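Descriptive structure summary
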Amino acid sequence: MKQTISKIRAELQAADVSRLPVFINTYKEDDRAGVRKLADIARKKMADYEKELSRIEAMCFYEKKYSEYSYICGIDEVGRGPLAGPVVAGAVMLPKDCRILYLNDSKRLTAKKREELYDIIIEKALGVGLGFVSPERIDEINILQATYEAMRQAIGKLCHRPDILLNDAVTIPDVEIRQVPIIKGDAKSISIAAASIVAKVTRDRMMMEYDSLLPGYDFASNKGYGSTAHIDALKRLGPSPIHRKSFLRNLEMPE
């Protein structure tokens, strides 16, 4: 007796990618149009998976180029532009054979996907380091120097000293390790993409905590960036303890 279409549909939903070829071969010539349609869906899933594998492999270009190094570290930061909160840097070293599907510039991913990838990165990474520079320190030394400081902190917190750094666009002063700045590196290197995601998720979680401590600015939603609602809250409430005073001067906000 043939399987019902509903059971075949459930089989497809439960199948991981390794089972898709078997599913396709089993049902591709079924005499029921609905079943053949499910086989077509499985083909598309397989094609999408292979396309993603190719994309991730292309993002390993720099990791392959510098494969003679044992510990390759990706560096990225988040939070240079917000009016409030810290700047956070991430440093991630992945195993050489590591291929985490859907890694990308954190800005191109949904919050849900970033959270999923964060857990995978933490599980698979050889080392993860995070650096934090406060709003007060940003006001003191400027955001560019604060970014460098956060990156140096992140490198220093790794369990192994990196042999080479793949950086998103910048060259970090006062670091003796070899550096390779890569323009838009968070979309071109899996190591930098991983660092971008770890830093972004970490900072977003911090801003959600600040939202509960400092209600009224909607930090959970805007993450400290200058949304219309955030600017309106600043005008009503004035700056909070985590606002960057040097960023507010052009807005003519009270300090």
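First, a word on what this report is: a plain description of the structure on this page.

Our next topic: the overall build of the protein. Counting secondary structure elements, the protein contains eleven helices and five strands. Radius of gyration (C-alpha) of the protein: 23 Å, far over the 18 Å computed for a compact globule of 255 residues. Expressed as lengths along the three principal axes of its C-alpha atoms, the size of the protein is roughly 75 × 50 × 25 Å. Per-residue burial over the protein gives 47% buried out of 255 residues. Counting only contacts in the protein whose residues sit at least 6 apart along the sequence, the fraction spanning at least 24 positions is 64%. Put simply, the protein shows about 13100 Å² of open surface, and 52% of that area lies on carbon and sulfur atoms. Across the protein, the 40 positively charged side chains and the 36 negatively charged ones have centroids separated by 5 Å.

A full pass over the atoms with the stated rule returns 15 salt bridges. For glutamate 57, the salt bridge is made with arginine 99, and the minimal N-O distance between the two is 3.0 Å. Note that glutamate 57 is positioned in helix α3 (residues 33-58) and arginine 99 in the loop between β2 (87-93) and α5 (111-124), a separation of 42 residues in sequence. Take glutamate 57: its relative accessible area is 31%, and that puts it in the partly exposed class. Its salt-bridge partner being lysine 107, residue aspartate 186 comes within 3.6 Å of it at the nearest N-O pair. Taken together, the residues span a long stretch of sequence, with aspartate 186 in the loop between β5 (178-182) and α8 (190-213) and lysine 107 in the loop between β2 and α5 at a distance of 79 residues. A residue is classified by how much of its surface remains accessible, and aspartate 186, at 5% relative accessible area, is buried. Overall, lysine 107 belongs to the exposed group, its relative accessible area being 65%. Several salt bridges converge on common partners, so that one network encompasses Glu57, Lys64 and Arg99.

So, about the layout of surface pockets. A volume near 170 Å³ is recorded for the largest pocket. Forming the walls of the largest pocket are 13 residues, and the residues nearest its centre are Glu77, Val78, Ser106, Lys107 and Tyr225. Looking at the lining of the largest pocket, the elements with two or more residues in it are β1 (72-78) and α8. With three residues, the single largest contributor to the lining of the largest pocket is β1. Grouping the amino acids of the lining of the largest pocket by side-chain chemistry returns two nonpolar, three polar and eight charged.

Ranked by size, the top nonpolar core spans 25 residues in total, and within it Val92, Leu94, Ile100, Leu103, Ile121, Ile190 and Ile197 carry the most contacts. Of all the elements in the fold, those that place two or more residues in this core are β2, α5 and α8. Setting aside chain neighbours within four positions, we find leucine 94 in contact with Ile72, Ile100, Ala125, Leu126, Ile190, Ser191 and Ala194. Of all hydrophobic cores here, the second largest spans 22 residues; its members include Ala89, Tyr148, Met151 and Ile172.

Put simply, α5 and α8 touch, their axes get as near as 9 Å, and they point 115° apart. Viewed along their axes, α5 and α8 form a crossing whose handedness is left-handed. Contacts between α5 and α8 pair Arg114, Glu115, Leu117, Tyr118 and Ile121 from the former with Ala194, Ile197, Val198, Lys200, Val201, Thr202, Asp204 and Arg205 from the latter. Classifying every residue of the contact of α5 with α8 gives seven nonpolar, one polar and five charged.

Running from N to C, helix α1 (residues 5-14) and α3 point in directions that differ by 5°, and their axes come no closer than 10 Å. Classed by the angle they form, the pair α1 and α3 counts as roughly parallel. Taken together, the residues of α3 that come into contact with α1 (itself represented by Ile5, Ile8, Arg9 and Leu12) are Gly34, Val35, Leu38, Ile41, Ala42 and Lys45. For the contact of α1 with α3, the per-class residue count stands at seven nonpolar, one polar and two charged.

Once that is clear, we can look at the packing of aromatic side chains. Scanning all chains against the criterion turns up four aromatic pairs. Measuring from ring centre to ring centre gives 5.0 Å for phenylalanine 61 and tyrosine 62, while their planes differ by 90°; the resulting arrangement is edge-to-face. Here phenylalanine 61 falls in the partly exposed class, since its relative accessible area comes to 47%. Residue tyrosine 62 is classed as buried on the basis of its relative accessible area, which comes to 18%. Ring centres of tyrosine 66 and tyrosine 69 lie 6.4 Å apart, and the angle between their planes is 50°; on these two criteria the pair is classed as tilted. Accessibility classification places tyrosine 66 together with tyrosine 69 in one group, the buried group. A cation over an aromatic ring shows up here: lysine 113 above the ring of tyrosine 102, its NZ or CZ 4.8 Å from the ring centre.

What counts as what
- Residues numbered from 1 in each chain as written.
- Predicted model: local features only at pLDDT ≥ 70, side-chain atom pairs only at ≥ 80, totals over all residues.
- Heavy atoms only, no water.
- Helix = DSSP H or I, 4+ residues; strand = E, 2+ residues; numbered from the N terminus.
- Rg over C-alpha atoms; globule rule 2.2 N^0.38 Å.
- Buried < 20%, exposed > 50% of the residue type's maximum accessible area, 1.4 Å probe, protein only.
- Contact = heavy atoms within 4.5 Å.
- Areas by Shrake-Rupley, 256 points an atom, 1.4 Å probe, with all protein chains shown as cover.
- Lys, Arg positive; Asp, Glu negative; His and termini not counted.
- Charge placed at Lys NZ, Arg CZ, Asp CG, Glu CD.
- Salt bridge = Lys/Arg side-chain N within 4 Å of Asp/Glu carboxyl O.
- 1 Å grid on protein atoms, 1.4 Å probe; cavity = no way out; pocket = protein on both sides within 12 Å on 5 of 7 lines; lining within 4 Å.
- Points joined across faces, edges and corners; volume = space filled by probe spheres on them.
- Nonpolar A, V, L, I, M, F, W, Y, C, P; charged D, E, K, R; others polar.
- Core = buried A, V, L, I, M, F, W, Y, C linked by side-chain atoms within 4.5 Å.
- Axes fitted to C-alpha atoms, helices over the stretch in contact; angles between N-to-C directions.
- Left-handed = near helix turned anticlockwise from the far one by under 90°.
- Parallel < 35°, antiparallel > 145°, perpendicular 65-115°, else oblique.
- Phe/Tyr/Trp six-rings, centres within 6.5 Å; stacked < 30°, edge-to-face > 60°.
- Lys NZ or Arg CZ within 6 Å of the ring centre and 35° of its normal.

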